[in-house]
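Descriptive analysis of the structure
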Amino acid sequence: MRPALRSGPGRLLVAVYAVFALSASARALVQIATDFSAAPLAYLLSALAAAVYVVATVALVRSSERSRRVALVSVTVELVGVLTVGLLSVEDPVAFPDATVWSGFGAGYGYVPLVLPVLGLWWLRSQRPRRAV
Amino acid sequence: MLAPLALLLGALSLALAVWSLVGAVRAARPSGGQLLLAAVLEAAILVQAVIATVLVVTGTRPLSTATFAGYLLTIVLLLPAGVFWGLADRSRWGNGVLAVTAVTTAVLVLRLEQIWNG
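So, how was this worked out
- Each residue is numbered by its place in its chain's sequence as written, counting from 1.
- To label them, take the chains in the order written and letter them from A, then take the ligands in the order written and number them from 1.
- Totals for whole chains, interfaces and linings use every residue, but because this is a predicted model, local features are given only for residues with pLDDT of at least 70 and side-chain atom pairs only at 80 or more, for both listing and counting.
- Heavy atoms from the whole structure form the basis of all side-chain values; hydrogens and water molecules are not counted.
- Counting from the N terminus, the helices are the DSSP runs of H or I reaching at least four residues and the strands are the DSSP runs of E reaching at least two.
- To get the radius of gyration, use the C-alpha atoms; to get the globule rule, take the number of residues to the power 0.38 and multiply by 2.2 Å.
- Exposure classes here rest on a 1.4 Å probe applied to the protein chains alone. A residue is buried below 20% of its type maximum, exposed above 50%, and partly exposed in between.
- Whether two residues are in contact is decided by their heavy atoms, any of which lying within 4.5 Å being enough.
- Here the Shrake-Rupley method, with its probe set to 1.4 Å, supplies the accessible areas, and only the displayed protein chains count as covering residues.
- For every residue, the pLDDT score states the predictor's confidence, bounded by 0 at the bottom and 100 at the top.
- Distance thresholds for patches are 9 Å for like charges and 5 Å for nonpolar side chains (Val, Leu, Ile, Met, Phe, Trp, Tyr), applied to residues having over 30% relative accessible area and no salt bridge.
- Counted as salt bridges are all cases of a side-chain nitrogen of Lys or Arg within 4 Å of a carboxyl oxygen of Asp or Glu.
- Throughout, nonpolar core names a set of buried Ala, Val, Leu, Ile, Met, Phe, Trp, Tyr and Cys residues whose side chains join them through atoms within 4.5 Å.
- By definition, the buried area sums, over both parts, the 1.4 Å-probe accessible area that each loses when the two are put together.
- N or O atoms closer than or at 3.5 Å make up a polar contact, with two conditions inside protein: a donor-capable atom paired with an acceptor-capable one, and, for residues adjacent in sequence, both atoms drawn from side chains.
- Three classes are used, and their members are as follows: Ala, Val, Leu, Ile, Met, Phe, Trp, Tyr, Cys and Pro are nonpolar, Asp, Glu, Lys and Arg are charged, and the others, Gly among them, are polar.

Looking at an unreviewed UniProt entry, chain B carries the name Integral membrane protein, with the source organism given as Pseudokineococcus marinus.

Chain A goes by Integral membrane protein in an unreviewed UniProt entry, where it is assigned to Pseudokineococcus marinus.

Structural data, given as structure tokens:
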């Protein structure tokens, strides 16, 4: 176990990830349950974003060596996701009739979705286990 | 939902956010005063939640009652969860967690007001 992943700055990171896991899940759930056909692509991406936040939160809390790798993958997917969806939603608004967490690079959430994966990757890198020489 | 009480909730959340942020910058851990403020805020949230529930049950309800109920449940549980998570860290980062929790609470207060007023 490496509890370091969830202590210090990691503790703050977990708190922010938990908030986004909750809000993205709730948003995706409401969107898909009430009017899925209105914007299927946007709603599926909402669900993907929610899943990524949930996996990242759990991986950071578990704080084991294996979960560090899971966190690394999910945070990378998150960064690629927010950049791709951000770019697409700006370039082709017609494809996104309804917003996701990642639309406009997370503008609706104070751009936190854009900054969060960068901080996450920095934190995971700084907590890399040292290899025996 | 009582509008004056919502205003009070917003003010208390922002006060807790600023207090926690200052604590984090000063590398202090959360103080007893902050916990007291968090307790007062949570009590006020519970009062608002009871008022809102009574109003909804007696027929005065927002357009989307389900969404409103989801936000209401979240705001009631968020602060205790954030305090629990933040206090476990005896460093400035505990204050960081409290600041994030307080800002999120303020945002939820705003969203609740928006949903309630349609």
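So that's the structure; there's more coming.
Comments concerning the overall build of chain A
Secondary structure assignment for chain A yields 4 helices and 0 strands. Tracing chain A from N to C terminus, the helices and strands come up as α-α-α-α. In terms of C-alpha radius of gyration, chain A reaches 16 Å, essentially the compact-globule figure of 14 Å for 133 residues. Looking at chain A as a whole, 41% of its 133 residues are labelled buried. Sequence separation of at least 24 residues holds for 72% of the intrachain contacts in chain A that already meet a minimum separation of 6. Accessible surface for chain A amounts to roughly 6,900 Å². Of this, 70% is attributable to carbon and sulfur atoms.

Overview of unusual backbone geometry
At S63 of chain A, a position not held by glycine, the phi torsion is positive, near 60°. Note on placement: S63 of chain A falls in the loop between α2 (40–62) and α3 (65–91). With a phi close to 60°, A27 of chain B is a non-glycine residue in the positive phi region. Position of A27 of chain B relative to the elements: it lies in the loop between α1 (3–25) and α2 (32–57).

Some remarks on the confidence of the model for chain B
Averaged over all residues, the pLDDT of chain B equals 94, while 100% of them reach at least 70. The complex prediction reports pTM at 0.91, with the ipTM value standing at 0.89.

Brief notes about a nonpolar patch on the surface
Together, I32, F36 and L44 of chain A make up a nonpolar patch on the protein surface, roughly 250 Å² of accessible area in all. Relative to the helices and strands, F36 of chain A is located in the loop between α1 (9–35) and α2.

Details of the nonpolar core
Y17, Y53, L60, W102 and L116 of chain A are the most contacted members of the largest nonpolar core, which totals 33 residues. Breaking this core down by element, the ones donating at least two residues are α1, α2, α3 and α4 (112–126) of chain A. With 10 residues, the top contributor of residues to this core is α2 of chain A. For L116 of chain A, the residues in contact, after removing those within four places along its chain, are L13, V16, Y17, F20, Y53 and E78 of chain A. Listed in part, the 28 residues of the second largest apolar core include L41, V56, F68 and I115 of chain B.

Here's the deal with the interface of chain B and chain A
Each partner contributes to the interface: chain B provides 9 residues, whereas chain A provides 12 residues. When the two sides are added together, the surface that chain B and chain A hide from each other amounts to roughly 990 Å², 79% of it contributed by carbon and sulfur. Its largest share of buried area at the contact with chain A, chain B owes to W85, W93 and V100 of chain B, together 57% of the area lost on that side. For the pair chain B and chain A, the number of links is 0 salt bridges. Where chain B touches chain A, the interface holds 2 residue pairs in polar contact (both at pLDDT 80 or more). Within the residue set of the side of chain B that touches chain A, elements represented by two or more residues are α3 (65–87) and α4 (92–116) of chain B. When residues of the side of chain B that touches chain A are assigned to their parent elements, the largest contribution, 5 residues, is made by α4 of chain B. Residue composition of the side of chain B that touches chain A, by class: 5 nonpolar, 3 polar and 1 charged.

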